[in-house]
Amino acid sequence: MKKSFAGVCLFLLLVVALFSTVSAARVQVRISGWGGSDQPIIEEMLRLYVTPALEKEGITVLYEPIADDFQRYIVNALSANTAPDLFYMDIFWAQSLIQAGQVEPLDSYIAKSKLLKKEDFIPSLLDAFSHQGKVYGIPKDFNTLALFYNKDLFDLAGVAYPDEHDTWDTFARKMEAVSKLDGVYGLALQPEFARMGALAYAAGFKTFEQNGKSNLFHPGFKAALEWYTGLAKSRAGIMPADLGQSWGGGAFGTEEVAACIEGAWVIGHLKDQAPNLNYGATFLPKAPSTGKRGNLIFCVAWGMNKESKHKQAAFKVLEQLTSPEVQQWILERGLALPSRVALTDNPYFKQNDREAQANYIVFRGASEGNVEPFSFGENGGRWMDPINEALRAIMSGELSVEEGLREAQFRLDQEMQR
Amino acid sequence: MTKRKVDTVKLLSEEEMLEIKLKRHRWYKVGMVYLVLLLVSILAIGPFFFGLLSSLKDNPLEWPPKLTVNQLKPANWVAAFRLSKAGCGKGFFGEFAPGAVIPFQVTYQVPAGKEPVIPQVVVPKRVPGTAGAALLIEHYAADYFRVSAVQEVKRESLADHSIRVTYEFTIHHTGDVVCDRLPLDITVPLGQQFVGATIDPNRPNERLGRVQSWNNLTAGVIPYIFYNYHRVFSENYSRTTGKNLFTSWIRNSFIICIARVLTNLLFASMAGFALARLKFRGKNTIFLLMLFSMMIPAQVTFISNYLVLRDGVFGLSRIFGVNTLLNSYSGLIVSGLVSASSVFIMKQFFEGLSSSLEEAARIDGASTYQILFRIFLPLAKPALGALTILTFQGVWNEFFWPLVVLTSPQDRFTLTIGLLSFRRMYGVAFDWGPILAGSVISALPLVVLFVVFQRYFVEGISFTGVKG
Amino acid sequence: MRRSIKEKTAPYVLLSPYLFMLFVFFGYAFLRCFYFSFTEYDLFAPPQWVGFKNYLNLIQDFQFGLALKNSLQFAVIVTTLQTVLALLLAVILNQKIKGIRFFRALYYMPSITSSAVVTLIFMWLFQKKGLVNYLLTSLKNGYRIIAVFFGLLLMFQAFLVIGEKLKKRPVSCFEPSYLFLAVVLSFMVTFFLVKTGIVTMVEGLPPVETVWLNTKKIWPRNHRLFGISYPLGSIMLLNIWTTAPTFMLLYLAGLQDIPKELYEAAAVDGATKIKTFWYVVRPQLRNITFLVVTMGLISTLQMFDQVAIIGDQAPLDAVITLAYYVYINAFPSSVSPKIGMASAAAVFLGLLTLIIVLIQRIVVNAGEGD
């Protein structure tokens, strides 16, 4: 049954391919991504690069921005057969779509392509969008976590800036010292695995063990949890919510904390809210036990609709969307971090400019130490909920570390049975 | 006077005592009632009022929350007018035009024993980090400016021997293109305290007070006061169609509201009349089913309803050449033609009317339709009025269902969904200004509607839900 | 004969648009939801029949229990308080004085703004460094001022009443016109005392920094079953604030419908205000109260928007309601939809609503007996 289905697909594909080459009729490829700031970026990208490149092939591209909950939109649209030909896939939920068989594997296209090669892309990114050896998404840009610090505050306190040689211990001492300043706390501690997880990975924690279970009593996880929540006991760390801020970048922008762990998204926030903030960025501190750092990868890829009527044309658009020129343009405009390996040595990163330098740290973060994708198998985001809850409860003094761990493990086991 | 008083004490009849009591009660009416009314008013509109004030602020999240807003100070209005006039010759909507010479003054204070340092003045190349604005700027003032030497114009010693100095400089436009904004940064050493300037800075305390920065000196009065409101309109337009998004959303909301108010009025009157006044088989079943449907949460039905709209209501929409009703006005209108609660309200109203008119009309040989449209509907004005406002309010604020039905393109959104896209766009940067401003605008039509038709509304309600 | 057919079909013709809505967007949808609740369905592959599995999963799910608890707490408390508040507001507004229409419009304001806007403002108010804690801190630090104010109030009132009694005039201790005078006077004196620095705020007390939203703390403490979590309590306040004005209008209409003669008769009988309210006004409002309570219960059991908008500002366990539980199962973050589970929970929510409304009806009917 499956085979015949695949056969039919292939046949249709051929027909479509023939049809599109023979008739050279105008094909409109619909692509869809986030609204908000992504919209002007993509539309500008289409105008400058994609449309001119595909004009003679008779392919036009229409961008359909989605304002809210993109995942929900794409699930609905795929089920309703109204989905666009290409769409964003966030690393966070991409696997659920891939495993539901809604995304077209791209290997056969890539094999024939002259423009798009697997080895051009950062391997850990590509892996996150692969399933059973097949590639389902081409990463368009990504983010990792970096340590952002306020140079003025460190200067004022007479403390050395955090740097790439810091371990958790030396870093904590710096935080302790800088928090002696009046009205200044050390590190913004978001009670979220999306921040603390990078430290747990650094200490050797694995999301899933061999048996497919998650063990929060892993010494690495416990050590990271103890260190992270321990900072909140003094002024060396504080939850942003306690400062009336909803995230670390917010508290960082108002100079209430000396440092925060965030991705490159914080740069855009600072441009608007604190354009003169004198900040620097460095790698996250290393775990003393392993001497390594950890990180999380946040990434968005382009995926192709399995039921698309213009797969060949869609792939041509995909090639253009992730072409070296486009990625260069994205990088230079400071819009996002592109996913091509070749850009590591780009002159942009070498500029004497704090934004470029911060972007470089985030870019390099993808290949420093134990790096894991920000995705959690079949459980999705719910995997993190018990941990986030424990982090919050421990830091606000409602539970001890031991109690918090036990509670989180219990809820996690229950969650994973669902 | 004293004599009369003595008299009243002496001759205190029953009647007079009652009069004194009543007099006091009038007192009570005037004083106590207004006092209580005022106190409760604070509770009722306090939060809303604060939202409104905050929507004008540079930083709606400031702490401690203050009631003073720079944008509402007349001194700043005058300054904004003058600066904009200097920037391009126009006072209300300004820009930084070739040939502009902009004078500026700033005052600092240093503690006793310290010598004030001449501040550094820079027009920065400030790129908005988020939202559509990032790619919209063509020319940066930073590329076309020259700042004159900064000169000390005034120095005074205060009582505690600290020194207060005022500096003056001018900013010149050196190029030949128009820049739409002129940002400014002034930097001083730590400890030199900012006192005031020609116009209050948008961020007075950056880098622990070392930097004062302004978003746009030559904005003009209106964009200065309504900075966030101005952004709502100026930063949001579709790059594919060139249409202004925010005005599209307002229009869409109005179209859908009006259409659904009309269908609800008509169909609810029809159904309410049938249920209230006519005898037929299945009436009780239908009524019970209606009550039942009012109790069932939308969460139960939305999945199926989404699928129904997706397939164009069992393919019926194909008759009109439309395959799906998703992402369309018609989808929202068809799925909200008439609501159970509207029918309920009309039924309650029609049941409350006397039957003598109906009987008289029937004896005269009027048909059911004539009775409804000629006799009952004209009498139903109060109920229809209330229903109009209730429906309008409900549809205007509707959130969940439009969110499911409308996904793209953006200029099809209603206001509520548009606001949500604002939250995505500005919320990531915690840029609450435009979000609050958008919220205030979206609430305005309802406020106006209510203030104008308020009496009608309260009276209308007494005819509807209550008399059951 | 023709006329008779036309007349016979008239009810159905008139009803047809509504019946279309009722059957397609309610009946059909309801049955489909019922069917989905016995299947596993991710919107892609066709639904798979699994019998009662979803319902069994539901019972075993810890989070479902929390959602049920929160929903019930929310429905009972909010409905009660908002009904009382609505009635109170209506009584306050039921005056024939200048400017009352203005106040009516003002009081109704919380109800016309959309839940998104209102929730955002409330989130801001309930921050750890928000206006609510700011006001509480001021109250705490200003207890001397408050004590002085009430002391003065008591003194003035006593003075006025005794003075009147000395003149042998009939006067009650709470004579409202004097109370008003006393309030104004003591406010002025207190203001003067504060301005001149004779009475001051207490310095050095720690500020109130209660975390309202981002916490799982419950009140009263240690009552796991009945305790209300702080964030849910905050949402309750918000919800009462936004919906009470709607019901206030209903009550106001009811109050204005009460014939004047009834009040006059009560006054002639010498009934006090409170007695008049209890024996004359309250029975007249019985129908409205039934309507208000029923509508309140239905809407509170469906509470969704506020939880969705507060989002990650509060721990999910502390605020999750049944309606939100349905939603996060239908559109879970990062995994495929679980339409089956969502539908089972939705069916449960529907049944629960019916049962609670029925219970309320029975209670009211029993109450009407006396």
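Criteria and thresholds
- Residues numbered from 1 in each chain as written.
- Chains lettered and ligands numbered in written order.
- Predicted model: local features only at pLDDT ≥ 70, side-chain atom pairs only at ≥ 80, totals over all residues.
- Heavy atoms only, no water.
- Pairing = 2+ DSSP bridges.
- Helix = DSSP H or I, 4+ residues; strand = E, 2+ residues; numbered from the N terminus.
- Contact = heavy atoms within 4.5 Å.
- Axes fitted to C-alpha atoms, helices over the stretch in contact; angles between N-to-C directions.
- pLDDT = per-residue confidence, 0-100.
- Domains from an automatic or database assignment.
- Buried area = accessible area lost by both parts, 1.4 Å probe.
- Salt bridge = Lys/Arg side-chain N within 4 Å of Asp/Glu carboxyl O.
- Polar contact = N/O pair within 3.5 Å; in protein donor to acceptor, adjacent residues only side chain to side chain.
- Nonpolar A, V, L, I, M, F, W, Y, C, P; charged D, E, K, R; others polar.
- Disulfide = S-S within 2.5 Å.
- Parallel < 35°, antiparallel > 145°, perpendicular 65-115°, else oblique.
- Left-handed = near helix turned anticlockwise from the far one by under 90°.
- Phe/Tyr/Trp six-rings, centres within 6.5 Å; stacked < 30°, edge-to-face > 60°.
- Buried < 20%, exposed > 50% of the residue type's maximum accessible area, 1.4 Å probe, protein only.

For the rest of this paragraph, the subject is the sheet that holds strand 9 (residues 237-238) of chain A. Residues and elements named next belong to chain A. With mixed pairing, the five strands of this open sheet are ordered in space as 9-8-10-7-11. Since the sheet does not close on itself, it has two edges, and those belong to strand 9 and strand 11 (279-282), each with one partner. Contacts from helix 8 (residues 168-178) reach strand 7 (146-150), strand 8 (185-188) and strand 10 (257-262) within the one sheet, and its direction differs from that of strand 8 by about 135°.

A few words on the confidence of the model for chain C. Confidence in the prediction for chain C averages 86 pLDDT; 98% of positions are at 70 or higher. Interface confidence for the predicted complex, given as ipTM, is 0.77, next to a pTM of 0.83.

The subject of this paragraph is the domain arrangement of chain A. All names here are of chain A. Examined at the domain level, chain A breaks down into domain 1 (2-142 + 298-349) and domain 2 (146-297 + 374-417). Taking the mean C-alpha position of each, domain 1 and domain 2 sit 33 Å from one another. With eight residues of domain 1 at the contact, the number on the domain 2 side is 12 residues. Interface of domain 1 and domain 2: buried area, both sides summed, is about 870 Å²; carbon and sulfur atoms make up 74% of it. The largest contributions to the domain 1 side of the interface with domain 2 come from Ile91, Phe92 and Phe298, which together make up 74% of the buried area. Counting every contact that joins domain 1 to domain 2 gives zero salt bridges. In this structure, the connection of domain 1 to domain 2 is made through zero residue pairs in polar contact (both at pLDDT 80 or more). For the side of domain 1 that touches domain 2, the elements supplying multiple residues, two or more each, are helix 6 (123-128) and strand 12 (294-304). Residue composition of the side of domain 1 that touches domain 2, grouped by class: six nonpolar, two polar and no charged.

On to the pairing of strand 1 (residues 27-34) of chain A, then. Residues and elements named next belong to chain A. Relative to strand 2 (residues 59-66), strand 1 is paired through eight bridges, and the arrangement is parallel. Across the sheet, Gln28 pairs through a bridge with Thr60, a residue of strand 2. Relative to strand 3 (residues 86-90), strand 1 runs parallel, the two sharing two bridges. For Ile31, the partnering residue across the bridge sits in strand 3 and is Leu86.

Looking now at the interface of chain C and chain B. Across the boundary between the two partners, chain C contributes 96 residues, which contact 100 residues of chain B. Carbon and sulfur atoms supply 76% of the area that chain C and chain B bury against each other, a total of about 9,100 Å² over both sides. One salt bridge connects Arg362 of chain B with Glu7 of chain C, and the closest N-O pair in it is separated by 3.5 Å. Taken together, chain C and chain B are joined by 10 residue pairs in polar contact (both at pLDDT 80 or more). With 25 residues, helix 1 (residues 2-36) of chain C is the largest single contributor of residues to the side of chain C that touches chain B. Considered class by class, the residues forming the side of chain C that touches chain B number 70 nonpolar, 12 polar and 14 charged.

Turning our attention to the state of the cysteines. Using the criterion set out here, one finds zero disulfides over all chains in the structure. Left without a disulfide partner, Cys179 of chain B is nearest to the cysteine sulfur of Cys88 of chain B, which lies 12 Å away.

Residue and element names in this part refer to chain A. Interaxial distance between helix 10 (residues 219-231) and helix 17 (residues 401-417) falls to 11 Å at its minimum, and their mutual angle equals 130°. On the basis of the axis angle, helix 10 is oblique to helix 17. Our pair here, helix 10 against helix 17, has a crossing hand that is right-handed. On the side of helix 10, the interface is formed by Phe221, Lys222, Leu225, Glu226 and Thr229, while helix 17 contributes Val401, Glu402 and Leu405.

Moving on to the packing of aromatic side chains. Residue and element names in this part refer to chain A. For the coordinates displayed, the defined rule picks out 74 aromatic pairs over all chains. When the ring of Phe92 is compared with that of Phe374, the centres are 5.0 Å apart and the planes differ by 15°; the resulting orientation is stacked. A residue pair is termed long-range when its members are at least 10 positions apart, and Phe92 in the loop between strand 3 and helix 4 (94-99) and Phe374 in the loop between strand 14 (370-373) and helix 16 (385-395) qualify at 282 residues. According to the relative accessible area criterion, Phe92 is buried, its value standing at 19%. For the pair Phe171 and Trp227, a centre-to-centre distance of 6.2 Å together with 40° between the ring planes defines the contact as tilted. Of this pair, Phe171 sits in helix 8 while Trp227 is found in helix 10, placing the two residues 56 residues apart along the sequence. The same class applies to Phe171 and to Trp227, which are both buried.

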